[in-house]
Amino acid sequence: MIEIANEVGADAISHGATGKGNDQVRFELGAYALKPGIKVIAPWREWDLTSRETLMNYCEKNNIPVDFAKKKASPYSMDANLLHISYEGKVLENPWTEAEDDMWRWTVAPEVAPDKATYLELTYEKGDVVAIDGKRMSPATILAYLNKVGGENGVGRLDIVENRYVGMKSRGCYETPGGTIMLRAHRAIESITLDREVAHLKDSLMPKYAEMIYNGYWWSPERKMMQAMIDESQQFVNGDVRVKLYKGSVHVVGRRSADSLFDEKVATFEDDAGAYNQKDAEGFIKLNALRMRIAANKGRALK
């Protein structure tokens, strides 16, 4: 909707987010970044719509078609897209109450998932999955496929209490089967292709990057700046990762890359044929201990 408004020059847009959540912030920050003078209409904030029930009554009164049977079948507020489906409301509003098993739509319970593990091989190019088990697919097809296979194996359920940008805590349950698999596999291929300090720097910045996206600053200059750094870090993140899915878990069982920095000759516990001089570690350790040795000699030893 925001994109259409920007392209056609519309003067106003409307969204269905409530006045309590993060979506309203994300929608409107994006709208104002793309079209600064646009008018935003938010019925939940501006009209007398205080609950889902009042909204349904409004739709019925004004002959707005809604699948009432489906809406009334679930007590939860649900949002779904290609990456995940979320659940909020009703019994989930008590953080102590366990989610009902029939709430979940994409995943089976780990207890009833297949007794035989499922293996997948993900191929990465510059940090992106481009193929599964050797078959190249579009990004959307890959995620949909991983959602299906992951869901069948009980992968991707999450129950969290989050801190919303508007200030309140909110409990929600999520299903992200494909995203869970991709995250584990991506970190695995990075583990052999990224330089140590690059990996550590990237990991230190990812919470900030995630926070920006969560709070709706996708179009901010700081997000674009950080994106350039992340894209640069992924230039050599190429190769294959083999994962095992079993009863809700994702285990990385193999990784390989033509751009791997893993050197078997150096890392081996067997005869390294002179590839690494273990005597070098002695001076390395003493230099790193120098400041602590000096402090200890001054009576500053930690107790």
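**Focus: the environment of Val91**
In step 1: Mapped onto the elements, Val91 comes out in the loop between β4 (85-88) and β5 (118-125).
In step 2: When the C-alpha positions of Val91 and Val243 are compared, they lie 35 Å apart, and in sequence the two are 152 residues distant.
In step 3: Not counting residues up to four positions away in its chain, the partners in contact with Val91 are Tyr76, Thr97, Glu100 and Arg171.

**Remarks on the sheet that holds strand β3 (residues 77-80)**
For sheets, the rule is that strands pair by backbone hydrogen bonds, running either parallel or antiparallel.
In step 1: Judged by pairing direction, the sheet is antiparallel, and its 4 strands sit side by side in the order β3-β4-β9-β8 without closing on themselves. Pairing within the sheet leaves two strands with one partner each, and these edge strands are β3 and β8 (157-163). Neighbour-to-neighbour, the strand axes of the sheet open up by a mean angle of 25 degrees, direction not taken into account.
In step 2: Judged from the 3 bridges that link them, β4 and strand β9 (residues 169-175) form a sheet pairing that is antiparallel. Directly across from Tyr87, in β9, lies its bridge partner Cys173.

**Quick notes on the sheet that holds strand β7 (residues 135-136)**
In step 1: Here 5 strands make up an open sheet; going across it, the order is β7-β6-β5-β10-β11 and the pairing antiparallel. The open sheet has two edge strands, β7 and β11 (249-256), and neither has a second partner.
In step 2: Bridge count between β5 and strand β10 (residues 239-246): 7 bridges; the pairing is antiparallel. Within β10, the residue paired with Thr123 across the bridge is Asp240.
In step 3: Sitting on the sheet, helix α6 (residues 139-152) is in contact with β5, β6 (128-132) and β10, with an inclination near 65 degrees to β6.
In step 4: Against the sheet, helix α7 (residues 177-193) engages β5, β6, β10 and β11, with an angle of about 30 degrees to β11.

**Section: the pattern of salt bridges**
Two side chains that carry opposite charge are able to pair once their charged atoms sit near each other.
In step 1: In total, this model carries 16 salt bridges according to the counting rule given.
In step 2: Bridged by salt links that share partners, the residues Glu121, Asp240 and Arg256 form one connected network.

**Remarks on unusual backbone geometry**
In step 1: The backbone of Lys90 shows a phi angle near 50 degrees, a positive value even though the residue is not glycine.
In step 2: If you trace the backbone, Lys90 turns up in the loop between β4 and β5.
In step 3: You will see that Lys247, though not glycine, has its phi angle at about 45 degrees, which is positive.
In step 4: Take Lys247: it is sitting in the loop between β10 and β11.

**Focus on the packing of α6 against α7**
In step 1: Look at α6 against α7: their axes get within 7 Å of each other, and the N-to-C directions meet at 100 degrees. By the angle between their directions, the pair α6 and α7 is classed as roughly perpendicular. On α7, the residues that touch Leu143, Leu146, Asn147, Gly150 and Gly151 of α6 are Pro177, Gly178, Gly179, Ile181 and Met182.
In step 2: Taken together, the residues of the contact of α6 with α7 break down into 5 nonpolar, 5 polar and no charged.

**Comments concerning the packing of aromatic side chains**
In step 1: One pass over the structure, following the stated rule, counts 3 aromatic pairs.
In step 2: The ring of Trp218 carries Arg223 above its face, with NZ or CZ at 3.7 Å from the centroid.
In step 3: The ring centre of Tyr246 lies 5.9 Å from the NZ or CZ of Lys247, which sits over that ring.

Conventions adopted
- Residues numbered from 1 in each chain as written.
- Predicted model: local features only at pLDDT ≥ 70, side-chain atom pairs only at ≥ 80, totals over all residues.
- Heavy atoms only, no water.
- Helix = DSSP H or I, 4+ residues; strand = E, 2+ residues; numbered from the N terminus.
- Contact = heavy atoms within 4.5 Å.
- Pairing = 2+ DSSP bridges.
- Axes fitted to C-alpha atoms, helices over the stretch in contact; angles between N-to-C directions.
- Salt bridge = Lys/Arg side-chain N within 4 Å of Asp/Glu carboxyl O.
- Parallel < 35°, antiparallel > 145°, perpendicular 65-115°, else oblique.
- Nonpolar A, V, L, I, M, F, W, Y, C, P; charged D, E, K, R; others polar.
- Phe/Tyr/Trp six-rings, centres within 6.5 Å; stacked < 30°, edge-to-face > 60°.
- Lys NZ or Arg CZ within 6 Å of the ring centre and 35° of its normal.

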